[in-house]
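# Close look at the chain arrangement
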Amino acid sequence: MSNERVLVIAAHPDDEILGCGGAIAQHKARGDEVHVVIMAQGLYSRGTPEEAERLALEKASDDANRILGVDRLTRLDLPDNRLDSLDLLDLVKPVEALIGELRPGIVYGHWCGDVNIDHRRLHEAVVTACRPQPGHPVHTLLFFEVASSTEWQPPHSAPAFLPNWFVDIDSVLTLKLQALDAYAMEMRAWPHPRSLKAVEHLARWRGACVGMAAAEAFVLGRLLQS
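Residues numbered from 1 in each chain as written. Predicted model: local features only at pLDDT ≥ 70, side-chain atom pairs only at ≥ 80, totals over all residues. Heavy atoms only, no water.

The chain is annotated in an unreviewed UniProt entry as LmbE family N-acetylglucosaminyl deacetylase of Ectopseudomonas oleovorans.

### Here's the deal with the overall build of the chain
Our working definition: Secondary structure elements follow DSSP: runs of H or I no shorter than four residues count as helices, runs of E no shorter than two count as strands, and numbering proceeds from the N terminus. As a reference, a globule follows 2.2 Å times the number of residues to the power 0.38, and the radius of gyration itself is taken over C-alpha atoms. Burial here depends on accessible area, computed with a 1.4 Å probe over protein chains only, as a share of the maximum for the residue type. Under 20% is buried, over 50% is exposed, and the range in between is partly exposed. Here a residue-residue contact requires only that any non-hydrogen atoms of the pair lie within 4.5 Å. Working definition of accessibility: Shrake-Rupley area with a 1.4 Å probe, residue cover restricted to the visible protein chains. When charges are counted, Lys and Arg contribute as positive and Asp and Glu as negative, whereas His and the chain ends are disregarded. Note on charges: their place is set at NZ of Lys, CZ of Arg, CG of Asp or CD of Glu.
The helix and strand tally for the chain stands at six helices and seven strands. Put simply, the chain runs from its N terminus to its C terminus through helices and strands in the order β-α-β-α-β-α-β-α-β-β-α-α-β. A globule of 226 residues ought to have a C-alpha radius of gyration of about 17 Å, and the chain, at 16 Å, matches this closely. When its C-alpha atoms are laid out on the principal axes, the chain stretches across 45 × 45 × 40 Å. Looking at the chain as a whole, 48% of its 226 residues are labelled buried. Excluding contacts between residues fewer than 6 apart, the proportion of contacts in the chain whose partners are at least 24 apart in sequence is 81%. Accessible surface for the chain amounts to roughly 10300 Å². Of this, 53% is attributable to carbon and sulfur atoms. Seen as two clouds, the 22 positive and the 31 negative side-chain charges of the chain have centres 2 Å apart.

### Points about the side chain of His27
Definition in use: Counting of polar contacts relies on pairs of N or O atoms within 3.5 Å, with two restrictions inside protein: one atom must be capable of donating a hydrogen and the other of accepting it, and residues adjacent in sequence are counted only when both atoms are side-chain atoms.
The topology assignment puts His27 in helix α1 (residues 15-29). Looking at His27, its side chain comes within polar contact range of the side chain of Asp32, at 2.8 Å. Setting aside its immediate chain neighbours within four residues, His27 contacts Val6, Asp32, Val34, Ile106 and Tyr108.

### A few points about the sheet that holds strand β1 (residues 5-10)
For clarity, the cut-off: We treat two strands as partners when DSSP finds at least two bridges between them. Helix axes use the C-alpha atoms of the stretch in contact, all axes being lines fitted to C-alpha atoms, and the angles between their N-to-C directions lie in the range 0 to 180 degrees.
The strand order β3-β2-β1-β4-β5-β7-β6 describes an open sheet built from seven strands, whose pairing is mixed. Among the strands making up the open sheet, the edge pair consists of β3 (72-78) and β6 (165-168). For this sheet the average axis-to-axis angle between neighbouring strands, irrespective of direction, equals 25 degrees. Note: strand β2 (residues 33-40) against β3, five bridges, orientation parallel. Note that in β3 the partner of His35 across the bridge is Arg72. Set on the sheet, α1 makes contact with β1, β2, β4 (106-110), β5 (140-144), β6 and β7 (215-223); between it and β7 the angle comes to about 85 degrees.

### A closer look at the nonpolar core
We count it as follows: Joining through side-chain atoms within 4.5 Å is the link that ties buried Ala, Val, Leu, Ile, Met, Phe, Trp, Tyr and Cys residues into a set, and such a set is a nonpolar core.
In terms of nonpolar packing, the biggest core is built from 35 residues, with Val8, Cys20, Ile24, Tyr108 and Phe218 touching the most fellow members. Elements that contribute at least two residues to this core include exactly β1, α1, β2, α2 (51-68), β4, β5, α5 (173-182) and α6 (196-209). At six residues, α1 tops the list of elements feeding residues into this core. Residues within four places of Phe218 in sequence aside, it is in contact with Gly19, Cys20, Ala23, Tyr108, Leu142, Phe143, Phe144, Phe161, Pro163, Asn164, Trp165 and Val167. By size, the runner-up hydrophobic cluster in this structure holds 27 residues, among which are Leu78, Val92, Ile99 and Ala125.

### With respect to the packing of helix α3 (residues 88-102) against helix α4 (residues 117-129)
We apply this condition: Comment on the angle field: the value is read as roughly parallel under 35 degrees, roughly antiparallel over 145, roughly perpendicular from 65 to 115, and oblique elsewhere. Here is the rule for handedness: rotate from the far helix to the near one, and if that takes an anticlockwise turn smaller than a right angle the crossing is left-handed, while a clockwise turn gives right-handed. Residue polarity is assigned by list, with Asp, Glu, Lys and Arg as charged and Ala, Val, Leu, Ile, Met, Phe, Trp, Tyr, Cys and Pro as nonpolar; anything else, Gly included, falls into the polar class.
Running from N to C, α3 and α4 cross one another at 50 degrees; their axes reach a closest spacing of 8 Å. Relative to α4, the element α3 is oriented oblique. In the packing of α3 onto α4, the handedness of the crossing is right-handed. Contacts between α3 and α4 involve Leu88, Leu91, Val92, Val95, Glu96 and Ile99 from the first element and Arg121, Leu122, Glu124, Ala125, Thr128 and Ala129 from the second. Looking at side-chain class alone, the contact of α3 with α4 contains eight nonpolar, one polar and three charged residues.

### Observations concerning unusual backbone geometry
It is generally the case that most residues other than glycine have a negative phi and that most peptide bonds are trans. Each neighbour pair has its own omega, and for Trp190 with Pro191 the value is 15 degrees, a cis peptide bond. Here Pro191 is to be found in the loop between α5 and α6. One non-glycine residue, Asp14, lies in the positive phi region at around 100 degrees. Structurally, Asp14 is set in the loop between β1 and α1. On the basis of relative accessible area, Asp14 is assigned to the buried category, the value being 4%. We note that Asp77 has phi near 65 degrees; this positive angle belongs to a residue other than glycine. Relative to the helices and strands, Asp77 resides in strand β3.

Here it is as structure tokens:
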């Protein structure tokens, strides 16, 4: 039992499961406390959604995070695919407030090279909010990949995702896929990378890269050891 406090900072509903759903399940299996915040709306870039559609997505995010045993899910309802319209400070402040309230030791966030602009802006906000000042609680900062955003960035357009931190998720891969199935309205049919089959293939490939049956891959932003 490690009794860590973990904060996952995701841009949109389903990013948290795609990026680190397996790691979340592993944290819970170890007795850690896991908090998830979804910063932006998940539907508005497609037009104004019907109220029923909005409520369905909220229920999906509740169900998905409940499957993994997340202790608290927070939705901030910022503008979808328009986080670049906000001053960076307006993103940093709510992240800093959450870190100040929860005092997490481990933070997961987006990779800086994703195609999605919200992912990139949120990466900047997380890095800023996690500056290693004296007394800051975060000792481990990790960045995850999101299928249909990270791998869609062309070479040299942004930093490539080159993982150097791997989490064995073979024992919890079924849970991750169940959580994604709760997000059925956001998932796509094979061979889209945001399909259940593709997500499983990615987990198997990331695992095979490091001698595991299934893994999630991350870039380590910072590790402080006392």
